[in-house]
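Summary of the model geometry
Here are the chains, one letter per residue:
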Amino acid sequence: MEKRHIAFAGVSVAMVLLTAACGSSKDNSAGSANVQPAGGSQTVGAGASASAGAGAVAGATGGYEAGGDTGAGAGGEAGRTGPAKQLAVKEDAKLGKFVTDSKGWTLYRFDEDTPKPAKSNCNDDCATKWPAVPADDAAATTGIESSELGSVTRSDGTKQLTLAGWPVYRFAGDAKPGDTKGQGVGGTWNALAPDGKPAGKTAAADDSLQLMVNNNAELGKIIVDGKGMTVYRFDKDSAWPMKTGCLGACLDTWKPVKAVDTTKVAGLDAAKVTSFKRPDGTKQAAFDCWLLYTFTGDKKPGDINGQGVKGTWFAVTDKGKKAGQ
């Protein structure tokens, strides 16, 4: 009896290890609709640098904890409030070109925000560390397209400046104009490049995002594609073994999300982003082993018309779960 118990325990451990591999395997591909993930390489790209700027630390509050001097130096608190006025483009060896306000304070962007549609996900304590730049009285300069300036309404009703759709902030940890202590905080905050991308990043890690998280008013944090369209999962699919239940006419309504570059995701765990080879040979993106789709009934970014369809289709949370459940 003891030997039988040991053997059963060994099988259980093996199944746990195989299940864990599904969430971390880069490419779960095979030629059929019923696919067991192979071991293989589990290398994934890093979406952003995890190093924090000097004078700031990434804490458990989502990467916006400020440390050390919070701005008692030149300019002080007053220097980090008010409109940006005439923007300027600065350049240094580390960050390349980045944007400042008219007084020289560095301007930042947050990877957990979204540009399509523009949405700020930095509120409450976060907004104390990262003051939003008001939308009024901002003007472009050489190197910045005036058409890229815009605004977004925050949760408190105020208007925040946007650049290329990204909400714009200052950092409370910058003690004086020209400081860039907010760069890299929590792996999610970066100085703002003139085109709205994160300063100091390589082209492979820019903000041409393919998957990101949007804070939906009804469903909370859900995954959207690079165009801001809601992403769904299907109850008739299987996560283990990975299997698609959407074939034939189903694909006229539910479009598989193409496999993505894991360096181009934001707000979700890139290690859980994998791919699945469909029966027709195309590769479909998966998150936490669930295959991802968009819905043809969604006409614009932010639509969630596919939520709950036939009781089997659901938007996907930032944790891979069914939204609204």
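Refer to the structure above for everything that follows.
Residues numbered from 1 in each chain as written. Predicted model: local features only at pLDDT ≥ 70, side-chain atom pairs only at ≥ 80, totals over all residues. Heavy atoms only, no water.

With respect to the sheet that holds strand 14 (residues 211-216)
Read across the sheet, three strands follow the order 15-14-20 without closing on themselves; strand pairing throughout is mixed. Whereas interior strands pair on both sides, the edge strands pair on one side only; in this sheet they are strand 15 (220-225) and strand 20 (265-266). With two bridges joining them, strand 14 and strand 20 adopt parallel strand pairing. By the bridge assignment for strand 20, Met212 is matched with Ala266. (Pairing = 2+ DSSP bridges. Helix = DSSP H or I, 4+ residues; strand = E, 2+ residues; numbered from the N terminus.)

Here we look at the state of the cysteines
This structure, assessed with the given rule, holds two disulfides. Each sulfur in the disulfide pair Cys122 and Cys126 lies 2.0 Å from the other. Here the disulfide of Cys122 and Cys126 is left-handed, its torsion about the S-S bond being about -105°. Covalently, Cys246 is tied to Cys250 through a disulfide, its sulfur atoms 1.9 Å apart. Between Cys246 and Cys250 the sulfur-sulfur dihedral comes to about -105°; the bridge is accordingly left-handed. (Disulfide = S-S within 2.5 Å.)

Quick look at unusual backbone geometry
Cis geometry is adopted by the peptide bond preceding Pro117, which originates at Lys116 and carries an omega value of -5°. Along the chain, Pro117 falls in the loop between strand 7 (114-115) and strand 8 (118-119). Despite not being glycine, Cys289 shows a phi value in the positive range, around 80°. Considering the arrangement of structural elements, one finds Cys289 in the loop between strand 22 (283-287) and strand 23 (290-291).

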